[in-house]
Amino acid sequence: MNRREILKAAVALPLAPSALSNPVFAQGAWPAHNVTMIVPFPAGGQADLAARPVAQALEKILGKPFVVDNRAGGAGGSIGNAAAARAEPDGYTLLMTLSSLAVLPEADRLFDRPALYEVSQFAPVARVLADPTLLAVPASSPWKTLQDFVDDAKNRPGQIPYGSSGPYGTLHVAMEMFAASAGIKLLHIPFRGAGPALTALMSGTVQALASAPGTLKQQVDDGRMRVLANWGAERIASFPDLPTFKELGYKDVEFYIWAGLFAQAALPAPIMTRLREAMAQAVTSPEVTKTFETAGSPVAYLDAPEFSKFVAEDSARLIAAVKKIGRVE
């Protein structure tokens, strides 16, 4: 969706006179003070990449500070997701999270644990980024191609360590999907987020990582990492020479890491409408678009209705993948 289409969609949002007459707007009550945007991962990952430019843009548009709160912990971001789910639905606690949002409660059920939250507690506001994950390895590694990696993994089952953002998080599910298709076994090393996992790859603690283009591009450009394959259905502009898993014969290996803004399901409609308006403006601001394009992860905006449909469809696919993977320690 280009800038003109996004602005046209924003104008068409249902901000009717009845909404404007609502006491929330009549009193100028939202936002009346700081808004917290929870990111359930440490700095350096895809959710953090999405949150910071958007928070700065929303602050300019709405006139109050939007504070990014990196609340890491739990498997794949579950602690931060749960904190946002429990927050008052007053517009002052938002969540910028990843596609693992729907996977984590299902993973809890796989292990007969009570889920920390349910997806039904959230209302999608806007999708910000959506990229296929890429398989990265150190530039010093012996693997020049995906076939090199697979051959080595078959010769050394369970010995090649890969990092993830936590059990059943986006990066874990992507790698296990590939490993199952390739008939290989890898050694899973979970971290508290993609940022620490990326640091571990650069330090040699792990030897492989599935991650978003925006968090890898600078390292690849600097010659510190090599990418072997793309989980998307098509090649991407930021890595045009990188083949997809499908091209390489792995027909069922397709995975995307998206980042989106959520509020609580009970958020009052007038606040949701104002927030949607502000997000439509934020993702077209020059500062935001330049930041994302420089990172190799261009804006992939969807407004709430389209984003809700997207989340439902993507979540169903990912939940099916998790059930197929089963219990993985």
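Here goes a summary of the coordinates provided. Because the structure is a prediction, the values reported are computed rather than measured. (Residues numbered from 1 in each chain as written. Predicted model: local features only at pLDDT ≥ 70, side-chain atom pairs only at ≥ 80, totals over all residues. Heavy atoms only, no water.)

1. Digging into helix α9 (residues 194–203)
So the rule is basically this: Burial status follows relative accessibility: with a 1.4 Å probe on protein chains alone, a residue under 20% of its type maximum counts as buried, one over 50% as exposed, and anything between as partly exposed. Secondary structure follows DSSP: runs of H or I at least 4 residues long count as helices, runs of E at least 2 residues long count as strands, and numbering of each begins at the N terminus. Two residues form a contact once any of their heavy atoms are found within 4.5 Å.
The set of residues buried in α9 consists of Ala194, Gly195, Ala197, Leu198, Ala200 and Leu201. Packed against the buried residues of α9 are β5 (134–138), β6 (161–164), α8 (170–182), β8 (208–211), α10 (213–221) and β9 (225–230). Backbone geometry just after α9 places Gly204 at a positive phi near 90 degrees.

2. Quick look at the packing of helix α6 (residues 103–110) against helix α13 (residues 304–325)
For the record, the criterion: Each axis is a line fitted through C-alpha atoms, taken for helices only over the stretch in contact, and angles between the N-to-C directions span 0 to 180 degrees. Convention used here: angles under 35 degrees read as roughly parallel, angles over 145 as roughly antiparallel, angles from 65 to 115 as roughly perpendicular, and any remaining angle as oblique. Note on convention: the crossing is left-handed when the near helix lies turned anticlockwise from the far helix by less than a right angle, right-handed when the turn is clockwise. We call Asp, Glu, Lys and Arg charged. Ala, Val, Leu, Ile, Met, Phe, Trp, Tyr, Cys and Pro are nonpolar, and the rest, Gly among them, are polar.
Two elements in contact, α6 and α13, have axes whose closest approach is 9 Å; the angle formed by their N-to-C orientations is 25 degrees. Taken together, the axes of α6 and α13 lie roughly parallel to each other. The two elements α6 and α13 cross, and the hand of that crossing is right-handed. For the pair formed by α6 and α13, the contact residues are Val103, Glu106 and Leu110 on the first element and Leu318, Ile319, Val322 and Lys323 on the second. In terms of residue class, the contact of α6 with α13 is made up of 5 nonpolar, no polar and 2 charged.

3. Observations regarding the packing of aromatic side chains
Test applied: Each pair of aromatic rings taken from Phe, Tyr and Trp, with Trp reduced to its six-membered ring, is defined by centres within 6.5 Å and is described as stacked if the planes are under 30 degrees apart, edge-to-face if over 60, and tilted in the remaining cases. Only lysine NZ and arginine CZ atoms are considered, and such an atom sits over a ring when it is within 6 Å of the ring centre and within 35 degrees of the ring normal.
The full count for this structure, using the stated rule, is 14 aromatic pairs. Aromatic pair Phe111 and Tyr168: ring centres 6.1 Å apart, planes at 70 degrees, arrangement edge-to-face. You can see Phe111 sitting in the loop between α6 and β4 (122–132) and its partner Tyr168 sitting in the loop between β6 and α8, a full 57 residues away along the chain. Of the two residues, Phe111 and Tyr168, neither departs from the other in class, the shared state being buried. Ring plane angle 80 degrees and centroid distance 5.9 Å describe the contact between Tyr117 and Phe122, whose orientation is recorded as edge-to-face. When sorted by exposure, Tyr117 lands in the same class as Phe122, which is buried. The ring of Phe310 carries the charged tip of Arg127 above its face, separated from the ring centre by 4.6 Å.

4. Looking at the packing of helix α4 (residues 46–62) against helix α11 (residues 269–282)
Where α4 meets α11, the axes come as close as 9 Å, and the angle between the chain directions of the two elements is 115 degrees. You can see that α4 and α11 cross each other, and the crossing is right-handed. Judged by residue contacts, Val54, Ala57, Leu58, Ile61 and Leu62 of α4 engage Arg274, Ala278, Met279, Gln281 and Ala282 from α11. Taken together, the residues that form the contact of α4 with α11 break down as 8 nonpolar, 1 polar and 1 charged.

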